[in-house]
Every structure is written in C-alpha cells, then in structure tokens.
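Residue strings, one per chain:
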Amino acid sequence: MRLLLRTLLLAGLSSLAEASLQVVPGATWTTSNNEHLQAHGGGLIKVDGLYYLVGEDKTNGSAFQNVNCYSSPDLVQWTYVGALLSRGSSGDLGPNRVVERPKVLFNEATGKYVLYMHIDSSNYGDAKVGVATGDTVCGAYQYQGSFRPLGHQSRDMGLFADDDGTGYLLSEDRENGLRIMKLSDDYLNVTESTYLWSDSIEAPALLKLNGRYWMFGSKLTGWDPNDNVYSTSTSLTSGWSAWATFADAGSNTYTSQTNFVLPVGSSAAIYLGDRWKSANLMTSTYVWLPLTVSGSTVTMPNAESWVPNLSTTSSSASTAKPAETAYEGEAAAYGGQARDVSCGGCSGGTAAGYVGGPDKGTVTFSGVRSDADARSTIRIRYVNGDSSPRYANVRVNGGTTQKIAFLPTGGSVSASTLHVDLKAGSTNEVVIEGINDGWAPDIDRLIVPVS
C-alpha cells in the first residue's frame, strides 16, 4: 500500500502533545442519530453535568419542523434526545410557520424549564415571542402562546439569567432597535424595559463575566454573514460601550452569525455561531470558537479546530491542540472499484473516489499513529458534489462501524468529524466504505491527532 504521511506541526507544540476531542468549525457534525446536528440558532443550558443544546431543525428548509434537543458531556460528542416541540396542524406551530432561535432557562421558583422562541408568519409579519414550559430540560414542552413583548416587535431573540436569578429577554425590535427586557418572576412574561440600543442589531447573546456584561450581536444582512459586534458595560441599564468587532475585521465573523455565548468558569467564554447556507438550510454548519476576554475588550481568533477546556480556571476555554498527521486518500489501499479521481481543491490534486456504490469501493488507511490510548477527533477531508448528504460506514481497528454524514460541498473540500478510540502505536487502521450500495464522498485525506 502506498502511504504518504505529512506531519502538520503547530508552532510551539511538541509532537507528543495529547490527542483529544476537538470542535471543528464549519464541519459536518454527526450526532448519535447518524445525521448532521440540527440545532440551528440554538442555545446551551447545563444541567447535572451535561450540556443541552436546543435549536432549530432545518432538515426540510425554513418552515418550522421541530425544536430539537441534544446532550453532551464535552461539547463535542452529541446525543440526539428528542424534540421539545414539533409542528402541529395549525396555529403558531402549524405548517409554514417560522420558529427560530429557541433558548431555555430554568426557573428556580417554579421548578419549570421555560423556552422562548421567535414566532412568526412566513412573511415575518407577526414578530412575536412564543413561550413553552417543560418539567425536564430535554422532554416534551407545553406551548403557552405568543405575544409582542411590551407591545413591541420581536424577531431575533435570546435569554439571559443574572446571578440573582432575574431573567431577561433580548429582543430585536425592527422599528426601534435592540432591547433588553426584564422577565416576570416565573419567566412567562415581560414586565419592563431595561435598556434599548437604537442601532439595528439582531442575533443577540448576553454574557456576564467578573461583574461585566457583554452583548454580542449581528448587523442586519439577512442570511449573509457580516462582522458581528459587541458592546460592554458593568450595568444592564446604562454605560454600554460603542459597538466593536471581535473577530478579524473583514472576515464576516469567519462566515458566521452569533446565536449564543457560553460562559466557562469565571473568566472564559465560547462563541456559538451559525454558518447559514440559505440555498439549502439543512446544510448549515456551526462555528464555535473560544473568546479571549481582557479587561473591557474581547477578541476571537479563528481556528481550523480546537480542544475545549470546560474545567478551566483561566481566561481561556481551550487547551493546546496536539500535533497532527495527515494521511492522504490516494495513498491508502483501495478495495472494490475505488480509485484515484481528480480533485482540484484536494491536497495533491487527487482524492480517493468511487467509494461505496454497487462495486463496494473501500478505502483503508493503515499505519495510523497515536502515541497513547486515547479518544480523539479525526477530521475527514472530503468532497460531495451532490445536493444532499452522502454517508459512509467507518470502522476503526476492526470495531463497530460508525455511520458518518457528509454534507454537500459543491466543488470545494470540507471536513466531517469522526470521534474514535485510537491505540498507542502505529498500527491503527481506518476503513471507509459505502452503505447499501450508496456512494460515500471522495476522500481527500484524514487528519489525525498525535498524542
């Protein structure tokens, strides 16, 4: 077997860095139901040591389908738990309705989980918030109805609970600006206005660290990304700074839009954004990156992948990423009718093609190295020129196959993540094959952490 190894050493990191689970911004993110993560515009809540991600199901486009819930212990490996709300026959949750940006808070006084969401008609003329309640974080919720908070339009929205348990609705009022509004003690209604920015800002997310508040948001450019911004203050009611960018200027927030900001410890935070694909919303991906907070400023460097540190006591929610080794698809062993195909965007201009299909093409990567027994994230670089996902079975070291999704890429190269247990040494084997005569994507290469 032809084997080409290309070592990708990050500056300042030892080749013996620890292999680990990683977040890969913009990648296909396969969950326990063998499909790409469908929790767009979502928010996180932590309950009993687990993170719960609640977001929009865009499997069939923009019209409301489900508010989905997933759980994870590490922000990397996600289990699909179920739908909190699903489309009904009529009303706010009926056909051709808009239900966006769902967020959940737990109300200590009532013992209920309270879900807020943007409720609208297909032409965005209703501009309301909807409210639902549940007894468990990821169980069935009961829809309570919708309203315009304090009589104002409300489109993109978020939720925030302060240290004393006071709840707030964050709401984009197209006529007036971005609002913070105080919730009732049971979180089921809005009682008063707290602050109004007259600026046109949507996609709000509010963070508090070390006594300072940070409001993140997006300019109004529809589905297209822009340079998202933040404002900061030591008070919710006054003293907010002028809006400033936090990602690299001109990067359009690395082609993403804010949906949530997660505090980690007392001094660190993680940005959660959507990379919208308006022509095919189910293929939208996620850009999650650690924020760097210093004094009254916040910045967010880009990263191809990164390792979450959820127990941090520092200002960083990530740890050093290990060195990596790339294993080229065209250097792997082929089975069936798998063979080289031309790929302009691939490393070396060639990929492993005709994987799967009726001739059962396979690609086998042997001699894959890990310096320790470790659970790690492998990035599978691939091309899928179809308009719908392709799928592959992936088997590591002869173990149980994992069904992995690969979103459409057009003519470009993207990544899909595989979380696996690797053995210490250079005898690991990764086999990629089709499913039921279906075609897997063309495989550019595997990128494997070295520990």
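Scoring rules and cut-offs
- Residues numbered from 1 in each chain as written.
- Predicted model: local features only at pLDDT ≥ 70, side-chain atom pairs only at ≥ 80, totals over all residues.
- Heavy atoms only, no water.
- Helix = DSSP H or I, 4+ residues; strand = E, 2+ residues; numbered from the N terminus.
- Rg over C-alpha atoms; globule rule 2.2 N^0.38 Å.
- Buried < 20%, exposed > 50% of the residue type's maximum accessible area, 1.4 Å probe, protein only.
- Contact = heavy atoms within 4.5 Å.
- Areas by Shrake-Rupley, 256 points an atom, 1.4 Å probe, with all protein chains shown as cover.
- Lys, Arg positive; Asp, Glu negative; His and termini not counted.
- Charge placed at Lys NZ, Arg CZ, Asp CG, Glu CD.
- Core = buried A, V, L, I, M, F, W, Y, C linked by side-chain atoms within 4.5 Å.
- Pairing = 2+ DSSP bridges.
- Axes fitted to C-alpha atoms, helices over the stretch in contact; angles between N-to-C directions.
- pLDDT = per-residue confidence, 0-100.
- Salt bridge = Lys/Arg side-chain N within 4 Å of Asp/Glu carboxyl O.

Asker: Would you mind showing me how to read the overall build of the protein chain here?
Answerer: For the protein chain, the helix and strand inventory stands at one helix and 34 strands. Here the protein chain has a C-alpha radius of gyration of 23 Å; the compact-globule value for 451 residues is 22 Å, and the two agree. C-alpha extents for the protein chain along the principal axes are approximately 70 × 50 × 40 Å. Going through the 451 residues of the protein chain one by one, you find that 58% of them count as buried. A separation threshold of at least 6 residues defines the contact pool for the protein chain, and within that pool the share at least 24 residues apart is 59%. For the protein chain, the computed accessible surface area is about 16900 Å², with 46% contributed by carbon and sulfur atoms. Considering the protein chain, the positive charge centre built from 32 side chains and the negative charge centre built from 43 side chains are found 3 Å apart.

Asker: Help me understand the nonpolar core, please; the structure alone is not making it clear to me.
Answerer: Nonpolar side chains tend to gather and get buried jointly when the protein is soluble and globular. Membership of the largest hydrophobic core comes to 40 residues, with the highest contact counts inside it found for Leu44, Trp78, Phe216, Leu262, Trp288 and Leu291. Those elements that place two or more of their residues in this core are β3 (50-56), β14 (202-209), β15 (212-218), β18 (257-264), β19 (268-275) and β20 (285-294). Take this core: its biggest share by element is six residues, from β20. Counting residues in each nonpolar core, the second largest holds 26 residues, with Tyr382, Phe406, Ile432 and Ile443 among its members.

Asker: Is there a simple way to think about the sheet that holds strand β12 (residues 177-183) in this case?
Answerer: Read from one edge to the other, the open sheet built from four strands follows the order β10-β11-β12-β13, with strand pairing classed as antiparallel. Whereas interior strands pair on both sides, the edge strands pair on one side only; in this sheet they are β10 (157-161) and β13 (190-197). In this sheet, adjacent strand axes meet at a mean angle of 25 degrees when their direction is disregarded.

Asker: I'm lost on the confidence of the model for the protein chain in this one. Help?
Answerer: Detailed reading of predicted coordinates is not advised where the pLDDT is low. When the pLDDT values of the protein chain are averaged, the result is 95; 96% of them are 70 or greater. Within the model, pLDDT remains below 50 along residues 1-19, and this stretch shows 60 contacts once partners closer than five positions in the same chain are excluded.

Asker: Can you help me understand the pattern of salt bridges in this one?
Answerer: Two side chains that carry opposite charge are able to pair once their charged atoms sit near each other. Within the structure shown, the criterion is met by 18 salt bridges. Here Glu56 ties to Lys58 by a salt bridge, and the two come within 2.9 Å at their closest N and O atoms. Across the pair Glu304 and Arg379 runs a salt bridge whose closest N-O atoms are separated by 3.3 Å. With Glu304 in the loop between β21 (297-299) and β22 (307-308) and Arg379 in strand β29 (residues 374-383), this pair connects stretches of sequence that are 75 residues apart. Overlapping salt bridges, with partners in common, bring together Glu304, Lys321, Glu324 and Arg379 in one network.

Asker: Can you help me understand the environment of Gly410 in this one?
Answerer: By the secondary structure assignment, Gly410 is in the loop between β31 (402-406) and β32 (414-422). Each C-alpha atom, one on Gly410 and one on Gly385, is 4.6 Å from the other, the two residues being 25 residues apart in sequence. Ignoring any residue separated from it by four or fewer positions in sequence, one finds Gly410 in contact with Val383, Asn384 and Gly385.

Asker: Would you take a moment to explain the pairing of strand β11 (residues 167-173) for this structure?
Answerer: A regular strand carries its side chains on alternate faces of the sheet. Summarising burial for β11: seven of the seven residues are buried, a large majority. Burial along β11 is two-sided: Gly167, Leu169, Ser171 and Asp173 facing one way and Tyr168, Leu170 and Glu172 facing the other are all buried. Bridge analysis of β10 against β11 gives five bridges, and the strand direction is antiparallel. Looking at the pairing, Ala161 lines up with Gly167 of β11. With antiparallel pairing between neighbouring strands as the criterion, β10 and β11 make up a hairpin whose turn holds five residues, including Gly165 at a positive phi of roughly 90 degrees. As paired elements, β11 and β12 share six bridges and run antiparallel to each other. Residue Leu169 lies in a different strand from β12, and its bridge partner there is Met181.

Asker: Looking at this structure, I do not really get unusual backbone geometry. What am I missing?
Answerer: Negative phi is the rule for most residues except glycine; trans is the rule for most peptide bonds. With phi around 55 degrees, Tyr254 is a residue other than glycine that occupies positive phi space. With respect to the element layout, Tyr254 can be found in helix α1 (residues 252-255). Positive phi values are uncommon outside glycine, yet Asp437 reaches one of about 70 degrees. Note on placement: Asp437 falls in the loop between β33 (425-433) and β34 (442-449).

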